[in-house]
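Examining the three-dimensional arrangement
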Amino acid sequence: MYAMTSIKESIQFFHNTLPENVRLIAVSKTHPEDLIREAIAAGQTDFGENKMQEMTAKNRALTGSGVRWHCIGHLQTNKVKDIAPFVHMIHSVDSFRLMQEIERQAVRCGRIIPCLLQVHIAMEETKFGFSEEELTAMLEREDWAGLQHLRICGLMGIATTGASVPQLRDEFGRLRQMQQFLKTRWFTDREDFKELSMGMSEDWETAVEEGSTMVRIGSLIFGRRNYAVNA
Ligand SMILES: *Cc1c(COP(=O)(O)O)cnc(C)c1O
């Protein structure tokens, strides 16, 4: 990949390189507000965070900046109420119970919250998300259509770390096929069921080739994360 010399240059690189239908989510987790301001100055509006406390604090610090916050990390039900007032999209919905809580908090805020269903596509055991079987079973069984303040807009997936390009193609391709299947089965009349959140710093090019509409890029924009300091 390219030596990115500044946040501004890397943001501009992605804005100039990504196809028009692919949105850049700048993953700012662990990085301070100053760096987010730099990215905003370079024209970036969508940011991803995986810790809800951190996202809430940054949202407060950046009030009025027009940032759209994307929740990309595992979301505990007891944290939903903190982010429900402002979160732009939740990418990491992985249970019906969580959907019910998002509905409850969205009602309280008088909002409709756009969500993606996270599907487990990687070989690693540790990644969160529905398996394909669990997802179809949930959609079959539960009254998710009754949750009218939660808008299911597509799927999100995380590929296997360090996978070869053919394997990445297979994993991302499966997510795309899953999205197309759900579209014909449950979301036929839903124009906004169209998002595929897939691709990170290591694998975004393959994800875009396989139909991604949202890439979640951290390190290539902000540099390495220092978990020792920020965890
Ligand atoms: C951290 C994270 C990213 C960004 O990772 P990079 O490899 O730094 O681009 C993307 N998606 C999720 C879910 C993450 O947790």
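Quick note: structure is the one above.
Right, let's walk through the structure included here. (Residues numbered from 1 in each chain as written. Predicted model: local features only at pLDDT ≥ 70, side-chain atom pairs only at ≥ 80, totals over all residues. Heavy atoms only, no water.)

1. What to know about the site of the ligand
- Near the ligand the following residues occur: Val27, Lys29, Ile72, Ile158, Met200, Ser201, Arg216, Ile217, Gly218, Ser219 and Arg225.
- Side-chain polar atom of Ser201 to an oxygen atom of the ligand: 2.6 Å apart, as the coordinates give it.
- Taking Ser219, its side chain carries an N or O atom lying 2.4 Å from an oxygen atom of the ligand.
- Protein burial of the ligand: of its 390 Å² of free accessible surface, 90% is covered by the chains.
- Residue composition of the shell around the ligand, grouped by class: five nonpolar, three polar and three charged. (Near = heavy atom within 4 Å. Polar contact = N/O pair within 3.5 Å; in protein donor to acceptor, adjacent residues only side chain to side chain. Areas by Shrake-Rupley, 256 points an atom, 1.4 Å probe, with all protein chains shown as cover. Nonpolar A, V, L, I, M, F, W, Y, C, P; charged D, E, K, R; others polar.)

2. Points about the nonpolar core
- Counting residues in each nonpolar core, the largest one holds 65 residues, and the members touching the most others are Ile90, Met99 and Leu135.
- Those residues in contact with Met99 that sit more than four places away from it in its chain are Val93, Leu117, Met138, Trp144, Leu147, Leu150 and Ile152. (Core = buried A, V, L, I, M, F, W, Y, C linked by side-chain atoms within 4.5 Å. Buried < 20%, exposed > 50% of the residue type's maximum accessible area, 1.4 Å probe, protein only. Contact = heavy atoms within 4.5 Å.)

3. Describing the pairing of strand β3 (residues 68-71)
- Sheet topology places strand β2 (residues 46-49) next to β3; four bridges connect them, and they run parallel. Looking at β3, one finds that Asp46 is bridged to Arg68.
- In terms of handedness, the path from β2 via helix α3 (residues 52-61) over to β3 forms a crossover that is right-handed.
- Where β3 meets strand β4 (residues 89-93), two bridges bridge the pair, whose relative direction is parallel. If you follow His70 over to β4, its bridge partner there is Met89. (Pairing = 2+ DSSP bridges. Helix = DSSP H or I, 4+ residues; strand = E, 2+ residues; numbered from the N terminus. Right-handed = clockwise from strand over helix to strand, strands pointing away.)

4. Some thoughts on the pairing of strand β8 (residues 214-217)
- Judged by which residues are buried, β8 turns out to be covered on both faces: Met214 and Arg216 on one side and Val215 and Ile217 on the other are all buried.
- Inspection of the sheet shows strand β1 (residues 23-27) paired to β8 by four bridges, in the parallel sense. Across the sheet, residue Ile25 finds its bridge partner in β8, namely Arg216.

5. Examining the environment of Thr5
- Secondary-structure assignment places Thr5 in the segment before α1 (7-17).
- Assessed through its relative accessible area of 62%, Thr5 is described here as exposed.
- In this structure the C-alpha to C-alpha distance between Thr5 and Arg225, which are 220 residues apart in sequence, comes to 16 Å.

6. Structural notes on the pattern of salt bridges
- As enumerated under the stated definition, the model contains 16 salt bridges in all.
- Between Glu210 and Arg169 there is a salt bridge, with its nearest N and O atoms 3.0 Å apart. Here Glu210 is found in the loop between α8 (204-209) and β8, whereas its partner Arg169 is found in helix α7 (residues 165-185), with 41 residues between them in sequence.
- Looking at Glu210, the relative accessible area reads 11%, which means it is buried.
- We classify Arg169 as partly exposed; its relative accessible area is 33%.
- Look at the salt bridges and you will find they share partners, linking Arg169, Arg176, Glu209 and Glu210 into a network. (Salt bridge = Lys/Arg side-chain N within 4 Å of Asp/Glu carboxyl O.)

7. As for the packing of aromatic side chains
- Counted under the stated rule, the structure contains seven aromatic pairs.
- Ring centres of Phe13 and Phe14 lie 5.2 Å apart, and the angle between their planes is 80°; on these two criteria the pair is classed as edge-to-face. For the pair Phe13 and Phe14, a shared accessibility class is recorded, and that class is buried.
- When the ring of Phe13 is compared with that of Trp204, the centres are 6.1 Å apart and the planes differ by 85°; the resulting orientation is edge-to-face. Of this pair, Phe13 sits in helix α1 while Trp204 sits in helix α8, and the two are 191 residues apart along the sequence. Note on accessibility: Phe13 and Trp204 belong to one class, buried.
- By the ring-pair criterion, three or more aromatic residues cluster together here, those being Phe13, Phe14 and Trp204.
- Residue placement shows Arg185 over the ring face of Trp186; its charged tip is 4.4 Å from the ring centre. (Phe/Tyr/Trp six-rings, centres within 6.5 Å; stacked < 30°, edge-to-face > 60°. Lys NZ or Arg CZ within 6 Å of the ring centre and 35° of its normal.)

8. With respect to the packing of helix α6 (residues 132-141) against α7
- In contact at an axis separation of 12 Å, α6 and α7 are set at 15° when each is read in the N-to-C sense. With respect to each other, α6 and α7 are oriented roughly parallel. Our pair here, α6 against α7, has a crossing hand that is right-handed. From α6, Glu132, Leu135, Thr136, Leu139 and Glu140 reach across to α7, where they touch Arg174, Met178, Phe181, Leu182 and Arg185.
- Of the residues assigned to the contact of α6 with α7, the class counts are five nonpolar, one polar and four charged. (Axes fitted to C-alpha atoms, helices over the stretch in contact; angles between N-to-C directions. Parallel < 35°, antiparallel > 145°, perpendicular 65-115°, else oblique. Left-handed = near helix turned anticlockwise from the far one by under 90°.)

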